[in-house]
Amino acid sequence: ITTAALPFFFAAQRRHSQSEYFAHCRLAAVFRELGRTEEAIRHYENAVSLRPRLPLPKVQLAQMLLGSKNQALSERRRAVQLAMEACDATYRSVPEYLGLLAAGYAECGDFTKAVDTAQSALAKAGQLHNLPLKRQIEGELKLYREKKPLHYVKDQAKEDMEKQTASHHQGDIR
């Protein structure tokens, strides 16, 4: 092998690495849809390790870590770190990423940072004239000011749905 062949090897390696990255992203998305959280997380981890500068796989991994049931504090902190890296990579200009970071802070119990970050997300959403996102962030901001993490609402909604379903079934029995 001569040094003249090296560019061809590097190009082949880049193509392989790129297709491997996309394969992990696709697999993670499929496993996420199927509710197979652990496998989705593993593939997002692989995607992040293959493309550490890209914000999107970090955001997707952070969402999975924050959304998984009974997440450990270390997973929540890891999600905050990933969301922070995604925000920094986009110069804190993507309100959805800032919203995810705020949610992560709240999940870790740091409501001061959650409120500050959610306010930044709200301002960015306003600059982009994204009314639905702005309304969503306003609701999340209210929770953080009440010292409630975002999962609190999801847990409440799930409880309400279970109660409604149970009372519906009791009506069937009578």
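This one's a predicted model, so the numbers in the text were calculated from it and none came from an experiment. (Residues numbered from 1 in each chain as written. Predicted model: local features only at pLDDT ≥ 70, side-chain atom pairs only at ≥ 80, totals over all residues. Heavy atoms only, no water.)

S.K.: I'd like a rundown of the side chain of Q60, residues and numbers included.
M.R.: Considering the arrangement of structural elements, one finds Q60 in helix α3 (residues 55-67). A relative accessible area of 19% means that Q60 is categorised as buried. When residues no more than four places from it in sequence are discounted, the contact partners of Q60 are R32 and Y44. (Helix = DSSP H or I, 4+ residues; strand = E, 2+ residues; numbered from the N terminus. Buried < 20%, exposed > 50% of the residue type's maximum accessible area, 1.4 Å probe, protein only. Contact = heavy atoms within 4.5 Å.)

S.K.: Let's hear about helix α5 (residues 95-107): which residues, and what values?
M.R.: Given a rise of 1.5 Å per residue, 13 residues ought to cover 18 Å, and the 18 Å separating the end C-alpha atoms of α5 matches this to within 8%. In terms of burial, α5 is a largely internal element, twelve of the 13 residues being buried. Just past α5, the residue G109 takes up positive phi, approximately 90 degrees. (Expected span 1.5 Å × (residues − 1).)

S.K.: Explain unusual backbone geometry residue by residue, including any values.
M.R.: Within the chain, H129 stands out as a residue other than glycine whose phi angle is a positive 55 degrees. Position of H129 among the secondary structure elements: in the loop between α6 (111-127) and α7 (131-145). One non-glycine residue with positive phi stands out, namely K147, at about 60 degrees. Residue position: K147 is located in the loop between α7 and α8 (150-173).

S.K.: An account of the pattern of salt bridges is needed here, citing residue identities and associated values.
M.R.: Oppositely charged side chains may form a pair once their charged atoms are brought near each other. In the structure shown here, the tally under the stated rule is six salt bridges. For R78, the salt bridge identified is with E45, shortest N-O distance 2.7 Å. One end of the pair, R78, is in helix α4 (residues 73-89); the other, E45, is in helix α2 (residues 37-50), and 33 residues separate them in sequence. Overall, R78 belongs to the partly exposed group, its relative accessible area being 31%. Between E146 and K148 there is a salt bridge, with the nearest N and O atoms lying 3.3 Å from each other. Its relative accessible area of 36% is what places E146 among the partly exposed residues. What you see here is one network of salt bridges that share partners, running through K142, E146 and K148. (Salt bridge = Lys/Arg side-chain N within 4 Å of Asp/Glu carboxyl O.)

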